[in-house]
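# Observations on the three-dimensional arrangement
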Amino acid sequence: SRKVTNNSFVNAFEAQASTLVSLINTAEELVKDDSVFEIDSHNNDELSRITPSFFHNIVFFFELFGKSYLSLCNEPIKFTHTLNEIFNSVSKAMFEHEHNNSMFHAIILPHFKIFAEYIQSMPAGFKEQNIKYDENTMDNTVICITNFSLGDLRNTIDFCRSFILD
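No experiment lies behind these values; they were computed from the predicted model shown.

### Remarks on the overall build of the protein chain
Counting its secondary structure elements, the protein chain contains five helices and zero strands. As displayed, the protein chain offers around 9,600 Å² of accessible surface, 52% of which is attributable to carbon and sulfur atoms.

### Things to note about the confidence of the model for the protein chain
When pLDDT is averaged along the protein chain, the result is 81; 78% of the residues meet or exceed 70. Here helix H4 (residues 103-121) is the element of the protein chain with the lowest mean pLDDT, 81, and helix H3 (residues 83-96) is the one with the highest, 91.

### Topic: the packing of aromatic side chains
All told, the structure shown has eight aromatic pairs when counted by the stated rule. Aromatic pair Phe62 and Phe112: ring centres 5.3 Å apart, planes at 20 degrees, arrangement stacked. Of this pair, Phe62 sits in helix H2 (residues 42-72) while Phe112 sits in helix H4; the two residues are 50 residues apart in sequence, bridging distant segments of the chain. One aromatic cluster is present, formed by Phe13, Phe61, Phe62, Phe65, Phe87, Phe112 and Phe115 through successive ring pairs.

### Brief notes about H3
Taking 1.5 Å per residue as the helical rise, H3 with its 14 residues ought to reach 20 Å, and the 20 Å between its terminal C-alpha atoms agrees with that figure. Among all positions in H3, only Leu83, Asn84, Ile86, Phe87, Val90, Ser91, Ala93 and Met94 are buried. Of the residues one or two after H3, Glu98 is the one with positive phi, at around 55 degrees.

### Overview of empty space enclosed by the protein
Using a probe with the size of a water molecule, rolled over the atoms, empty space left in the structure can be pinpointed. Under the definition given, this model contains one cavity of 30 Å³ or more. Here the largest cavity defines a volume of roughly 50 Å³. Surrounding the largest cavity, Lys67, Leu70, Pro76, Ile77, Lys78, Thr80, Glu85, Ile86 and Ser89 form its lining. Top contributing element to the lining of the largest cavity by residue count: H3, with three residues. Taken together, the residues that form the lining of the largest cavity break down as four nonpolar, two polar and three charged.

### What about the nonpolar core?
If you look at the biggest cluster of nonpolar residues, it comprises 41 residues, and the most contacted ones within it are Phe54, Tyr69 and Phe112. Sorting the residues of this core by element identifies helix H1 (8-32), H2, H3, H4 and helix H5 (147-165) as the ones contributing at least two each. No other element matches the 12 residues that H2 contributes to this core. Setting aside residues no more than four positions away along its own chain, Tyr69 makes contact with Val90, Ala93, Met94, His97, His99, Phe104, Phe163 and Ile164.

### A few points about unusual backbone geometry
Notably, Asn74 is not glycine yet its phi reads approximately 55 degrees, a positive angle. Tracing the backbone through its elements, the reader meets Asn74 in the loop between H2 and H3. Asn74 sits in the exposed class, given a relative accessible area of 71%. In this model, Glu98 sits at a positive phi of 55 degrees, which is unusual for a non-glycine residue. Within the secondary structure layout, Glu98 lies in the loop between H3 and H4.

Cut-off values and rules
Residues numbered from 1 in each chain as written. Predicted model: local features only at pLDDT ≥ 70, side-chain atom pairs only at ≥ 80, totals over all residues. Heavy atoms only, no water. Helix = DSSP H or I, 4+ residues; strand = E, 2+ residues; numbered from the N terminus. Areas by Shrake-Rupley, 256 points an atom, 1.4 Å probe, with all protein chains shown as cover. pLDDT = per-residue confidence, 0-100. Phe/Tyr/Trp six-rings, centres within 6.5 Å; stacked < 30°, edge-to-face > 60°. Expected span 1.5 Å × (residues − 1). Buried < 20%, exposed > 50% of the residue type's maximum accessible area, 1.4 Å probe, protein only. 1 Å grid on protein atoms, 1.4 Å probe; cavity = no way out; pocket = protein on both sides within 12 Å on 5 of 7 lines; lining within 4 Å. Points joined across faces, edges and corners; volume = space filled by probe spheres on them. Nonpolar A, V, L, I, M, F, W, Y, C, P; charged D, E, K, R; others polar. Core = buried A, V, L, I, M, F, W, Y, C linked by side-chain atoms within 4.5 Å. Contact = heavy atoms within 4.5 Å.

Okay, here's the thing in structure tokens:
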């Protein structure tokens, strides 16, 4: 795959952003067809199949976004998958590097915070490092996929990409 930089966190972030955009593109095609709401339809089955990957990939996207930001600011990056810890490190660095008056602060950070707080609020024993293996039996997250939510997610990805890559 094409490397955008010599920074491994930024490269991983960009790869994850591309993965999430591919999921969005697929979901947008599926929700265009009204048959997606018919329980026995092919599109409904396909949407049901890809929906869990949205949650997993969004969590991983924000983890890599945070670690990319910290690496670009030459901040230490803890070996953790805990989104709340990463969010707190990013928030602290944001003020130290005076990025708290930017689009990052106004648009991106609130989305990041929502996911970090959601993960933290999940039942005890939720292991973020195991999210990709879907081993969190207490996770009953429901993802609502609409054109609006997909557009909002795409905008968040675009803002994050712009902030990290520019």
